[in-house]
Amino acid sequence: MAVAAADHLFTGTLGSNWRLADAALTDDETDERLAQLRLNDSGLTARTLVGPWEAALRR
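Below, the structure is looked at part by part. (Residues numbered from 1 in each chain as written. Predicted model: local features only at pLDDT ≥ 70, side-chain atom pairs only at ≥ 80, totals over all residues. Heavy atoms only, no water.)

### Side note on the overall build of the chain
Piece 1. Helix and strand content of the chain: 3 helices and 2 strands.
Piece 2. Tracing the chain from N to C terminus, the helices and strands come up as β-α-α-β-α.
Piece 3. In the chain, which comprises 59 residues, the share counted as buried stands at 20%.
Piece 4. Excluding contacts between residues fewer than 6 apart, the proportion of contacts in the chain whose partners are at least 24 apart in sequence is 44%.
Piece 5. As presented, the chain carries roughly 4,500 Å² of accessible surface, and 55% of it is formed by carbon and sulfur atoms. (Helix = DSSP H or I, 4+ residues; strand = E, 2+ residues; numbered from the N terminus. Buried < 20%, exposed > 50% of the residue type's maximum accessible area, 1.4 Å probe, protein only. Contact = heavy atoms within 4.5 Å. Areas by Shrake-Rupley, 256 points an atom, 1.4 Å probe, with all protein chains shown as cover.)

### Focus on the pattern of salt bridges
Piece 1. A full pass over the atoms with the stated rule returns 4 salt bridges.
Piece 2. Its salt-bridge partner being Asp31, residue Arg47 comes within 3.7 Å of it at the nearest N-O pair. Taken together, the residues span a long stretch of sequence, with Arg47 in the loop between α2 (27-36) and β2 (49-50) and Asp31 in helix α2 at a distance of 16 residues.
Piece 3. Connected through shared salt-bridge partners, Arg19, Asp27, Asp31 and Arg47 make up one network. (Salt bridge = Lys/Arg side-chain N within 4 Å of Asp/Glu carboxyl O.)

### Focus on unusual backbone geometry
For residues that are not glycine, phi is negative in most cases, and the peptide bond is trans in most cases.
Piece 1. One non-glycine residue, Arg38, lies in positive phi territory at about 60 degrees.
Piece 2. The exposure class assigned to Arg38 is exposed, which follows from its relative accessible area of 74%.

This is the structure in structure tokens:
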């Protein structure tokens with residue numbers, strides 16, 4: 001399967017996307033996992049929007 005670079009497979013928030021794999025995951029637990037991956041300093045949180053509108057918000 002090929003996906004164009006501008007396409008988005010998931011929309012919503014990082015937290016809602018991670019809950020696809022673990023429905024019991026809370027936003028706080030998502031933030032803890034982001035910290036474990038050393039992504040918390042990048043500004044990413046469980047409430048970070050992902051999807052086509054997210055790119056528009058950064059412009």
